[in-house]
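Structural overview
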Amino acid sequence: MDTAFLRSRLARNLVYDEFAVLHSASYRFHPLRYSRCNPTNSTPGQTLSVSPSRGLTQRVAALPNVDDFFWEKDPTPILDTIDAPIHLKNLSSKELKQLADEVRSEISFIMSTKCQPCGPGRSVVELTIAIHYVFNAPMDKILWDAGQHAYAHKILTGRRSLFHTIKQKNGLSGFTSRFESEYDPFGAGHGCNSLSAGLGMAVARDINGRKNRIVTVISNWTTMAGQVYEAMGHAGFLDSNMVVILNDSCHSLLPKADGRPKMSVNAFSSAVSKIQSSKGFRRFREAAKGLAKWFGKGMHEFAAKVDEYARGMIGPHGATLFEELGLYYIGPIDGHNIDDLICVLKEVATLDSTGPVLVHVITGTEIDTGGNIRSEITPNEEGPPNSSHDLLKFLETGLSRTYNDCFVEALTAEAENDKRIVVVHGGMGMDRSLRLFQSSFPDRFFDLGIAEQHAVTFSAGLACGGLKPFCIIPSTFLQRAYDQIVEDVDMQKIPVRFAITNAGLVGSEGPTNSGPFDITFMSCLPNMIVMSPSNEDELIDMVATAAMVEDRPICFRYPRGAIVGTSGTLTYGNPLQIGKGEILVEGKEIAFLGYGEVVQRCLIARSLLSNFGIQATVANARFCKPLDIDLIRTLCQQHSFLITVEEGTVGGFGSHVSQFISLDGLLDGRIKWRPIVLPDRYIEHASLAEQLDLAGLTAHHIAATALTLLGRHRDALLLMK
């Protein structure tokens, strides 16, 4: 069955409420729940299979008859009465549980139209309700590490009416934002920052003599980053009162071979957690510690060891780690049992609690609106849509091959011929394209999560051991490892190959996950080779180029979106000559020198200018460092205007070009140079097309800049209408 026919079938009111993602060689969409007018012609369990590597529909197995499906939004009578967290206080336990179902349904319904994952947001609904039921925001400060985990928080804090605008232009942010609501005391971005920020707020509270409470919610993905443990150690040392909630989704980068769950919650663990959190038990514990100190240092140390061993015997593995860092451990607790959550949080919320407390909450499974239990989807992982409304949208936009697909295929082909090539991945979640390499070479693939600093230095160690590491990190997460790039890689001229994904603007994820700075901060390093492909074919060549370089570090950036390449089929790359660009189309008077994927927009701009009788030159720089100085000299000598174009910030490619032409004396002649870069501000979340328009980086903006330089201001205005 072809894709066009599939779209036509799905367009006829085919609606699923939820799709499960299977982490395998192919993804399947499973209808778990649906509404029907006439239950006559469909069979549950029929599946649609999509290949993740090429993004093309491979087969469709017995699609159900779609004539009798419809979508109906579930009623939300209790949620309709909630305008602020204070309205939760008078609800009964039964009403709170119903509210959890309604919030979960609301998240599913809204996110179903956006082709966005909602599993992580749905899994913490009960936890969110319990937090707001016990604590008094915004006086009490509640900090979240992950944007998706804050969806229920946004709905319950007066932003429900705007939730449908999330990640849209002028709409709600996909993350917590201090500029959006007083209920967001700190902005969540890359994770692992809430504990440090929360500790700072707790110390400021103590210095100012206030009595409000600080609650920070972290996840097991967050705990892969060293900053979390730095903050925990500092919190234990300062002994400031704060509540740290570990939202444990029971997911791991390295799952156990036997497939058993890593943590279980039962009646015994719940009872122990309630005892641990009780005011009486903690007072007894503090009194015992004081008595042991009275007897002397030896008795105090002995009592501390007894306490540690006793709690270690009844607690889960790893609990003593938090105790050693100075946090009082409570848990594990069922993250979907509102009664237990409220009971424990009420106890730890008492103002006379001593020092930081860590509450371990298990949210590894998520309860859907039908009362079923399903696994949580990995945070920030790209995957098929979460519900039926976005399935058609996914088929129309998600079947295109991306730069990531192309890169991984090329890297896998190189690795087949070069056994020294290994992959180190860092960042939150993993693009499904990387599973091609992971499945082909499991022993040569290392997924380190958001431990980006470790990923860079680990890659340097691999290179020192004679391997060829490709360190794959999204541009926005690479920022956290910059010191390691400087000290551990570039300064030592170690040949680490950095593949910088999600470069430039990224649309609905906004400035938090965009990557505008990497050109600037990578090209200023003395030993780094910096390049960027203009299309699919050049990306393949740059993979081969990076594999060839063994005397210094090298990096290449590419965008998040679909490819614009010319080949259509995978071929082995040909190593490029370092520091050499090319002229794509020759013209006169004005020249565009593009760096990266914006070269394609320069070609479109040239086509627009031809309608005004202007024939412009378009050149592809390929390299930001080293620059192709011969190409730049030729462009300056043969044209009156040179326009450099890049999807990066001030200080990047254009700055390197201007540095060269000024020192070379080319600016002393007739050439006039103008840069087109991202504006000196953060571009808020919107569609990618809207972001490019806001940034002035569309083909029309590029062409209008040329017309303005030529003195044709009226034509420039007509072009932008």
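Everything here concerns the structure above.
Values in this document were obtained by computation on a predicted structure and should not be read as measured data.

1. Notes on the pairing of strand β7 (residues 214-219)
Of all six residues making up β7, six are buried, and the element is well covered by its neighbours. Burial along β7 is two-sided: Ile 214, Thr 216 and Ile 218 and Val 215, Val 217 and Ser 219, pointing in opposite directions, are all buried. Taken together, the four bridges between strand β6 (residues 141-144) and β7 define a ladder with parallel strand orientation. Directly across from Ile 142, in β7, lies its bridge partner Val 215.

2. Points about the sheet that holds strand β15 (residues 468-474)
The strand order β14-β13-β15-β16-β18-β17-β22 describes an open sheet built from seven strands, whose pairing is mixed. On the outer flanks of this sheet lie β14 (445-447) and β22 (623-625), each paired with one strand and no other. For this sheet, the mean angle separating the axes of adjacent strands, direction not counted, is 20 degrees. For strand β17 (residues 529-531) and β22, the ladder comprises two bridges, and the chain directions are antiparallel. Considered in β22, the bridge of Val 530 is made with Lys 625.

3. Re the packing of helix α22 (residues 598-610) against helix α26 (residues 699-709)
At a minimum axis separation of 8 Å, α22 and α26 run at an interaxial angle of 55 degrees. Of the possible angle classes, the one that applies to α22 and α26 is oblique. Pair α22 / α26 crosses with right-handed handedness. For the pair α22 and α26, contact is made by Arg 601, Cys 602, Ile 604, Ala 605, Leu 608 and Leu 609 and by Ala 699, His 700, Ile 702, Ala 703, Ala 706 and Leu 707, respectively. Residue composition of the contact of α22 with α26, grouped by class: 10 nonpolar, one polar and one charged.

4. A word on unusual backbone geometry
Residues Ala 137 and Pro 138 are joined by a peptide bond in cis, for which omega reads 5 degrees. Cis geometry is adopted by the peptide bond preceding Pro 626, which originates at Lys 625 and carries an omega value of 0 degrees. As for its position among the elements, Pro 626 is in the loop between β22 and α23 (629-638). Its identity as a non-glycine residue notwithstanding, Asp 239 has a phi of 60 degrees, on the positive side. As for its position among the elements, Asp 239 is in the loop between α7 (226-238) and β8 (242-248).

5. Some points on the sheet that holds β8
Taken together, the five strands give an open sheet; going across it, the order is β6-β7-β8-β10-β9, and neighbouring strands pair in parallel fashion. The open sheet has two free edges, formed respectively by β6 and β9 (328-334), since each of these has just one partner strand. For this sheet, the mean angle separating the axes of adjacent strands, direction not counted, is 20 degrees.

6. Some thoughts on the packing of helix α4 (residues 125-134) against helix α5 (residues 151-159)
The geometry of α4 relative to α5 is characterised by a closest axis approach of 9 Å and an angle of 40 degrees between their N-to-C directions. Our classification of the angle between α4 and α5 gives oblique. As for the relative orientation of α4 and α5, their crossing is right-handed in sense. Contacts from Val 125, Thr 128, Ile 129 and His 132 of α4 reach α5 at Ala 152, His 153, Leu 156 and Thr 157. Taken together, the residues of the contact of α4 with α5 break down into four nonpolar, four polar and no charged.

7. Some details on the side chain of Glu 414
With respect to the helices and strands, the residue Glu 414 is situated in helix α14 (residues 403-417). For Glu 414, which is buried and forms no salt bridge, the nearest opposite charge comes from Lys 468, at a distance of 7.2 Å. Excluding its chain neighbours within four sequence positions, the residues that come into contact with Glu 414 are Ile 421, Val 543, Ala 544, Ala 547 and Gly 573.

8. Points about α26
Counting buried residues along α26, eight of its 11 residues qualify, which places the element largely inside the surrounding structure. Of all the positions in α26, only Ala 699, His 701, Ile 702, Ala 703, Ala 704, Ala 706, Leu 707 and Leu 709 are classed as buried. Among the structural elements, β20 (589-595), α22, β23 (639-646), β24 (672-676), α25 (688-695) and α27 (713-720) are those in contact with the buried residues of α26. At the C-terminal side of α26, Gly 711 shows a positive phi close to 80 degrees.

9. Description of the packing of aromatic side chains
Aromatic ring pairs: the centre-centre distance and the angle between the two ring planes describe each pair. Scanning the entire structure with this criterion turns up 11 aromatic pairs. Arranged with centres 5.2 Å apart and planes meeting at 70 degrees, the rings of Tyr 482 and Phe 521 form a pair that is edge-to-face. Of this pair, Tyr 482 sits in helix α18 (residues 482-490) while Phe 521 sits in helix α20 (residues 518-523), and the two are 39 residues apart along the sequence. Overall, the relative accessible area of 25% leaves Tyr 482 in the partly exposed class. Counting every residue linked through ring pairs, the aromatic cluster contains Tyr 403, Phe 407, Phe 556 and Tyr 558. Across from the ring centre of Phe 441, 4.4 Å away, lies the NZ or CZ of Arg 444, which sits over that ring.

10. Brief notes about helix α24 (residues 653-663)
Within α24, burial applies to Phe 653, Gly 654, Val 657, Ser 658, Phe 660 and Ile 661. Down the axis of α24, the buried set is contained in an arc of 165 degrees. They therefore lie on one face. The inward-facing, buried residues of α24 abut α20, β20, β22, α23, β23 and β24. The positive-phi residue at the C-terminal boundary of α24 is Gly 665, with phi of around 80 degrees.

11. Quick look at the pattern of salt bridges
For side chains of opposite charge, pairing can occur when their charged atoms come near one another. Evaluation of the coordinates by the stated rule reveals 28 salt bridges. Residue Glu 536 is joined to Arg 401 by a salt bridge in which the shortest nitrogen-to-oxygen separation is 2.9 Å. Taken together, the positions of Glu 536 in helix α21 (residues 536-548) and Arg 401 in the loop between α13 (391-397) and α14 put the pair 135 residues apart, joining distant regions of the chain. Judged by its relative accessible area of 2%, Glu 536 is buried. Among the residues examined, Arg 401 registers a relative accessible area of 12% and is labelled buried. With a closest N to O distance of 2.9 Å, Arg 633 and Asp 664 form a salt bridge. Taken together, the residues Arg 633 in helix α23 and Asp 664 in the loop between α24 and β24 connect sequence positions 31 residues apart.

12. A look at the environment of Ala 349
Structurally, Ala 349 can be placed in the loop between α12 (338-348) and β10 (356-362). Given a relative accessible area of 6%, Ala 349 falls into the buried group. Taking C-alpha positions, Ala 349 is 7.8 Å from Val 243, a pair spaced 106 residues apart along the chain.

Rules used throughout
Residues numbered from 1 in each chain as written. Predicted model: local features only at pLDDT ≥ 70, side-chain atom pairs only at ≥ 80, totals over all residues. Heavy atoms only, no water. Buried < 20%, exposed > 50% of the residue type's maximum accessible area, 1.4 Å probe, protein only. Helix = DSSP H or I, 4+ residues; strand = E, 2+ residues; numbered from the N terminus. Pairing = 2+ DSSP bridges. Axes fitted to C-alpha atoms, helices over the stretch in contact; angles between N-to-C directions. Parallel < 35°, antiparallel > 145°, perpendicular 65-115°, else oblique. Left-handed = near helix turned anticlockwise from the far one by under 90°. Contact = heavy atoms within 4.5 Å. Nonpolar A, V, L, I, M, F, W, Y, C, P; charged D, E, K, R; others polar. Lys, Arg positive; Asp, Glu negative; His and termini not counted. Salt bridge = Lys/Arg side-chain N within 4 Å of Asp/Glu carboxyl O. Phe/Tyr/Trp six-rings, centres within 6.5 Å; stacked < 30°, edge-to-face > 60°. Lys NZ or Arg CZ within 6 Å of the ring centre and 35° of its normal. Arc of directions from axis to C-beta.

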